[in-house]
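Working through the structure, step by step
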Amino acid sequence: MKAKRFLTAAAVLAVAGMSLTGCAASAPAGDGKVTIYGAYGEAQAAAIQAELDAWTASEEGNPQVTFTSLASFDTDIKVKIESGQSPDIGVWPQPGGLLDQVENLLPLSDVIDLAPIQETLVPGWDTLAQKDGSIYGLPLSANVKTLVFYNPTEFEKNGYTVPTTDAEMTALIEQIKADGTGYPFCAGIESGTATGWPITDWIEQYVLDYYGVDTYNQWIAGDVKFSEIPKATDKVAEMLLTEGNVNGGGTSMVTDGFGNTAPLFETGGKAKGQCFMLRQGSFITDFFPDAIKAEVAAEDYTHADVFTLPAPEGASAGVLGGGDLAAAFTNDQDVAKVLNFILSDKLGTIMAEKSSFVSPHKTFDTALYPTELGKKVGQAMADAEVFGFDGSDRMPSEVNAEFWLAGTDWVAGKIDWATAAERIQAKY
Amino acid sequence: MGALGDIGYGLLAIAIGIAVSLGAYKGLDLLVNLFSEELQKKIRALGFLLPAALLLVVVLLVPLVQTFYLSFTNKTGKEFIGLQNYVDLFTSPEFLGILLNNFLWIAFVPAITVAVGLLVATLGNNVGPRREKIFKSLIFMPMSISFVSAATIWSFIYVYVPPGRPEIGLLNSIVVALGGQPQPWLIIDTARFNSFLLMIIIIWLQAGFAMVLLSAAIKAVPEETIEAARIDGANTVQVFFQVIVPQIRATIMSVFITVLILVMKIFDIVLAMTGGQFNTSVLGFEFYKQFFLNFNTGAASAIVTILTILVAPLMWIQIRSARKQEALR
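The structure displayed is predicted, hence computed values, not measured ones.

Observations concerning the overall build of chain B
Of the regular secondary structure elements, chain B holds 14 helices and 0 strands. Starting at the N terminus and walking to the C terminus, you meet the elements of chain B as α-α-α-α-α-α-α-α-α-α-α-α-α-α. Over its C-alpha atoms chain B spans a radius of gyration of 27 Å, topping by over 25% the 20 Å that the globule rule assigns to 329 residues. The dimensions of chain B, computed from C-alpha atoms along their principal axes, are 80 × 65 × 50 Å.

Below, the structure is given as structure tokens:
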């Protein structure tokens, strides 16, 4: 009798238990608040907060989202995680740091359905933050680095035309030098403890162009050595380190901040250090002098415009870029809703208007880019055939740090590339 | 949330804290009373020191030992790899360069700081009370700012702009006014010139500290000894070096060692001015780079262990000389 009642009770419990585990398979509801930590600069952080607030208000049941920018993201996020203060979502400016934290993250497929997102993303983005077959990070914003900014007024004044091929670019450089009207390039690489990162962009662009995306990926992984990419480094040396191409040469490059865009808008000629071209990522518009920023915002392109960096003869036209990847720490329905929004091609209505935002989706409505300049940049991303993520952001942090240091020493003329390559390779 | 509210919880925490502390001391007292009368007298003080001693052990000794252990582990701190970190450090030319930098820092900065402090203290003592206050306040002012603020100020002194651009560096402006060419000061590393430029910043910061202590010490020298020396025919310089300095030796040593220990740990100046590049890196900065930028726990622990071993004898000397001073009183 007792045994029978026991068995019945046990059976009831078992069934109840199984149905409960059926319920437990779906994520918990969440508490209506989602925290995101990211690395955005002031303008973009304000813009994404505005967009998230608008999204929260747009639909009943959307949680409140707080976006906080951490000052030195790569260091700070590690501290936050170790002290148990990790956010619900983390937005990394590079896949390397994200992949370092994989043990604290959730595979995105556990939280949301990835298929619709992968359909609209530009090819190449979803493989960046992958480990053991699971995707841990997907992009929400991007920047394009295969761009050259120039001053149309100054070009016209001196009779220069925008180069569309590498040969025309070389000819333009020679002409500028011959005319003595200024310096072909502005190329400051100083950036505090990250001094040297702009030169790594230059080198990566030409590795992508000359050697193709497969060798590019192998080079990042350490299988192709830094000493085995001479075409790229020779090209960079030719364009930047040749006498007269940059004001003050290598010595000036290592002390001049990357955001020092004033010489591009200088009109005093060579005596005042005027330069004609600035190869940099799309975010550099945030560093233009206020007057120029206002002009560009008003779609007045007389003093600042952009063209795509021409690829060398016989090389592929690779688009180099960077971006911010979102990863999930918590799995609940609020986080899922937020991720579904920020990882889709719907993100950017406000961000595109208020900051130098570029969407990594092919289907993003380019009409949303407020300016012609923005449209050109956004189109470059959407049309990318060969897209490469900024290499140094994907290398292990020690290699990346040494790439910056050795690159700086090479530009400053203190070591030759062979020594630099050895130093960097040794950190793998 | 909760019936009590934040203030309530705060008050409760205070009440519990007081109760536990009282209880702990009462408990220790009872424990001590268990011993014989004689022993009680000896160990009562020790007993009451026990909580503080325990805290010190936990907060100071345990991390020390843990870091020492971590210096024998790999990048993540989870695998034991023996002396590999130390071998890697001592066989890398970069690290030997860093040790050289540290050596230069400790060879020059404490001595020059003490000298400058002594000079200002002596001269200040002799210009009359009003001017003394003005000069000494001026020299002491840099002590009120942080190292990073000092770095910001001095970066505008040392900055180099490309030719043709508006000059914003003070040092280069002076050089140009004197007819020279502007120089990229902070990247000149022949004979570690840029490190010396950074040393100037620390001397500027710490001279005030040296001056204050030395000034007090000089004023404490008995007038009679100076007068006696003057009567014997000594001139000012002889009075200074043979009468005053020997009597303030303890203070000079104390200031010297304090600045020395500070210089061994230097980090923020290097971080803010050059980011450790162009051969300016020091042990403190290298630790920061390895731990916070490279996330290499093992290497960072090894560096900081080496630093601790190098600083330990200096602390011992400092404590010994402080004890001697106590004994003299």
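Thoughts on the overall build of chain A
Along the backbone of chain A there are 18 helices and 11 strands. Taking 428 residues into account, the globule formula puts the C-alpha radius of gyration at 22 Å, and chain A, at 25 Å, falls close to it. If you line up chain A on its principal axes, its C-alpha atoms span 105 × 50 × 40 Å. For chain A, the proportion of its 428 residues judged to be buried stands at 47%.

Describing helix α18 (residues 417–425) of chain A
Residue and element names in this part refer to chain A. Listing the buried residues of α18 in full gives Ala-420, Ala-421 and Ile-424. Viewed along the axis of α18, the buried residues span an arc of 100 degrees, placing them on a single side of the element. Buried residues along α18 sit in contact with α17 (397–411).

Quick word on the environment of Leu-373 of chain A
Residues and elements named next belong to chain A. On the secondary structure map, Leu-373 appears in helix α15 (residues 372–382). For the pair formed by Leu-373 and Tyr-216, sequence separation is 157 residues and the distance between their alpha carbons is 28 Å. Excluding its chain neighbours within four sequence positions, the residues that come into contact with Leu-373 are Val-296, Tyr-301, Asp-305 and Val-306.

Looking at the sheet that holds strand β9 (residues 305–308) of chain A
Across a sheet, paired strands are connected by hydrogen bonds in the backbone, their directions being either parallel or antiparallel. Residue and element names in this part refer to chain A. Within the open sheet, the 4 strands sit side by side as β7-β8-β6-β9. Their pairing is mixed. The strands lining the two open edges of the sheet, one partner per strand, are β7 (183–185) and β9. Strand-to-strand twist in this sheet, taken as the mean axis angle between neighbours without regard to direction, amounts to 25 degrees. In the sheet, strand β6 (residues 147–150) pairs with strand β8 (residues 275–279) via 3 bridges, with the strands oriented antiparallel.

A closer look at the domain arrangement of chain B
As a measure of interface size, the accessible area lost when the parts come together is often cited. Splitting chain B by domain gives domain 1 (5–70) and domain 2 (84–328). Between the C-alpha centres of domain 1 of chain B and domain 2 of chain B the distance comes to 39 Å.

Here's the deal with the domain arrangement of chain A
All names here are of chain A. Taken domain by domain, chain A comprises domain 1 (33–144 + 322–389) and domain 2 (148–320 + 393–425). Here the C-alpha centre of domain 2 lies 27 Å away from the C-alpha centre of domain 1. Taken together, the 22 residues of domain 1 in the interface contact 25 residues of domain 2. Elements with a contribution of two residues or more to the side of domain 1 that touches domain 2: α4 (95–100), β5 (134–144), α15 and β11 (386–389). Per element, the largest residue contribution to the side of domain 1 that touches domain 2 is 6 residues, and it comes from α15. Each residue belonging to the side of domain 1 that touches domain 2 can be placed in one class, and the counts come to 12 nonpolar, 8 polar and 2 charged.

Focus on the environment of Tyr-183 of chain A
All names here are of chain A. With respect to the helices and strands, Tyr-183 occurs in strand β7. For Tyr-183, a count of 27 C-beta atoms within 10 Å gives the class buried. Residues Tyr-183 and Gly-244 lie 61 residues apart in sequence; the distance between their C-alpha atoms is 6.5 Å. Setting aside its immediate chain neighbours within four residues, Tyr-183 contacts Asn-245, Val-246, Asn-247, Lys-270, Gln-274 and Cys-275.

The rules behind each value
- Residues numbered from 1 in each chain as written.
- Chains lettered and ligands numbered in written order.
- Predicted model: local features only at pLDDT ≥ 70, side-chain atom pairs only at ≥ 80, totals over all residues.
- Helix = DSSP H or I, 4+ residues; strand = E, 2+ residues; numbered from the N terminus.
- Rg over C-alpha atoms; globule rule 2.2 N^0.38 Å.
- Buried ≥ 20, exposed ≤ 12 C-beta atoms within 10 Å, placed from the backbone.
- Arc of directions from axis to C-beta.
- Contact = placed C-beta atoms within 7 Å.
- Pairing = 2+ DSSP bridges.
- Axes fitted to C-alpha atoms, helices over the stretch in contact; angles between N-to-C directions.
- Domains from an automatic or database assignment.
- Nonpolar A, V, L, I, M, F, W, Y, C, P; charged D, E, K, R; others polar.

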